[in-house]
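Secondary and tertiary structure notes
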Amino acid sequence: MRAGHFPHDGGTVAIRGDVSAILELGVGLNPEYSGSENILFGCVCRGMSLREAEAKFDRIVDFAELKEVIDRPFKTYSSGMQGRLLFSTSIHVDAEILIVDEALAAGDALFQEKCLRHMKDLARSGRTILFVSHSIALIQQLCNRGILLHEGRILFDGDTATVLHEYDQILAQARRGATEAALDHPTYV
């Protein structure tokens, strides 16, 4: 075990509000169900009543832009289409806290922009968005606070610009180390 690195086997988190999460593409969706069935299933699993899910169904389909394929089996969807359905279902739950882990990588550029606009609107409405990403550009667009984690430890916590500057410094140091190692051990072809 490295100094300062301890396995996480306990702790406490206090949550005030409902949580919706987009953690991994396709998690919680059944590949044998149609897109329609997965919307209803996903909403109910996220705490909605079937009546609430049915009331939001058209908005979810419209946001995902999948009306033409919504009754096809989910397993026939491309990864981008799966991401659209998952994202749209998750953001329509009306949770106070939305956790998004690298979920904006799926879909085309226009859909990604649409998702970013919606996430900004959610944040302006007072909701909390916990956005996990390695994309500096997305972090700059979405976040007003950043936490830099490394090997389970918090290295920096503060305003986004400062945290990203520290991240750049760490990357520069790692690049210098990799360059020095390559110079010390050249390979010849």
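Everything discussed here concerns the structure shown above.
Residues numbered from 1 in each chain as written. Predicted model: local features only at pLDDT ≥ 70, side-chain atom pairs only at ≥ 80, totals over all residues. Heavy atoms only, no water.

The next point concerns the overall build of the protein chain. Summing up its helical and strand segments, the protein chain has 6 helices and 5 strands in all. Counted from the first residue to the last, the protein chain has its helices and strands arranged as β-α-α-α-β-α-β-α-β-β-α. Taken over 189 residues, the protein chain has a buried fraction of 31%. For the protein chain, the proportion of contacts with a sequence separation of at least 24, taken over those separated by at least 6, is 60%. (Helix = DSSP H or I, 4+ residues; strand = E, 2+ residues; numbered from the N terminus. Buried < 20%, exposed > 50% of the residue type's maximum accessible area, 1.4 Å probe, protein only. Contact = heavy atoms within 4.5 Å.)

Turning next to the packing of aromatic side chains. Within a pair of aromatic rings, the relevant descriptors are the distance that separates the centres and the angle that separates the planes. Following the criterion strictly, the structure yields 4 aromatic pairs and no others. Seen from their ring centres, F63 and F111 are 5.8 Å apart, and the 70° between their planes marks the pair as edge-to-face. Within this pair, whereas F63 is found in helix 2 (residues 50–64), its partner F111 is found in helix 4 (residues 109–124), the two being separated by 48 residues in sequence. Considered together, F63 and F111 belong to a single accessibility category, that of buried residues. Residues F74 and Y77 carry aromatic rings whose centres are separated by 5.5 Å and whose planes lie at 55° to one another, so their mutual orientation is tilted. This pair shows no difference in class: F74 is buried, exactly as Y77 is. An aromatic cluster is present here, built from F63, F87 and F111 joined pairwise through their rings. We note K114 situated over the ring of F63; from NZ or CZ to the ring centre the distance is 4.5 Å. (Phe/Tyr/Trp six-rings, centres within 6.5 Å; stacked < 30°, edge-to-face > 60°. Lys NZ or Arg CZ within 6 Å of the ring centre and 35° of its normal.)

Attention now goes to the sheet that holds strand 1 (residues 19–22). Strand order in the open sheet formed by 3 strands is 1-2-3, and the pairing between neighbours is parallel. Two strands close off the open sheet at either side, each with one partner strand: strand 1 and strand 3 (128–132). Mean inter-strand twist for the sheet, computed between neighbouring axes without regard to direction, equals 10°. As judged from the 5 bridges shared by strand 2 (residues 97–101) and strand 3, these two strands associate in the parallel manner. Considered in strand 3, the bridge of D101 is made with V132. (Pairing = 2+ DSSP bridges. Axes fitted to C-alpha atoms, helices over the stretch in contact; angles between N-to-C directions.)

Taken together, the side chains of V13, I15 and V19 make up a nonpolar region of the molecular surface, amounting to roughly 290 Å² of accessible area. For V13, the location among the structural elements is in the segment before strand 1. Residue V13 is classed as exposed on the basis of its relative accessible area of 70%. (Patch = residues over 30% accessible without salt bridge, like charges linked within 9 Å, V, L, I, M, F, W, Y side chains within 5 Å. Areas by Shrake-Rupley, 256 points an atom, 1.4 Å probe, with all protein chains shown as cover. Salt bridge = Lys/Arg side-chain N within 4 Å of Asp/Glu carboxyl O.)

Here is the key point about a regular strand: its side chains alternate between the two faces of the sheet. Bridge analysis of strand 4 (residues 146–150) against strand 5 (residues 153–158) gives 5 bridges, and the strand direction is antiparallel. Bridge pairing in strand 5 places I147 opposite D157. Taking the residues between adjacent antiparallel strands as the criterion, strand 4 and strand 5 are bridged by 2 residues, where E151 takes a positive phi near 50°.

Now for the pattern of salt bridges. Under the counting rule described, the total for this entry stands at 7 salt bridges. As a salt-bridge pair, K114 and E65 come within 2.8 Å of each other at their nearest N and O atoms. Residue K114 is found in helix 4, and its partner E65 is found in the loop between helix 2 and helix 3 (79–91); the two are separated by 49 residues along the sequence. A salt bridge links R124 to D121, with the shortest nitrogen-to-oxygen separation between them at 2.6 Å. Taken together, the positions of R124 and D121, both in helix 4 and 3 residues apart, correspond to about one turn of that helix. For D121, a relative accessible area of 42% translates into the label partly exposed. Linked through salt bridges whose partners overlap, the residues forming this network are K56, D94 and R127.

If you look at the biggest cluster of nonpolar residues, it comprises 33 residues, and the most contacted ones within it are I39, L66, I70, Y77, L85 and F87. Counting residues per element, the ones that place at least two in this core are helix 1 (35–45), helix 2, helix 3, strand 2, helix 4 and helix 5 (136–142). Sort the elements by how many residues they give to this core and helix 2 lands first, with 6 residues. (Core = buried A, V, L, I, M, F, W, Y, C linked by side-chain atoms within 4.5 Å.)

Read these as geometric descriptors, not functional statements.
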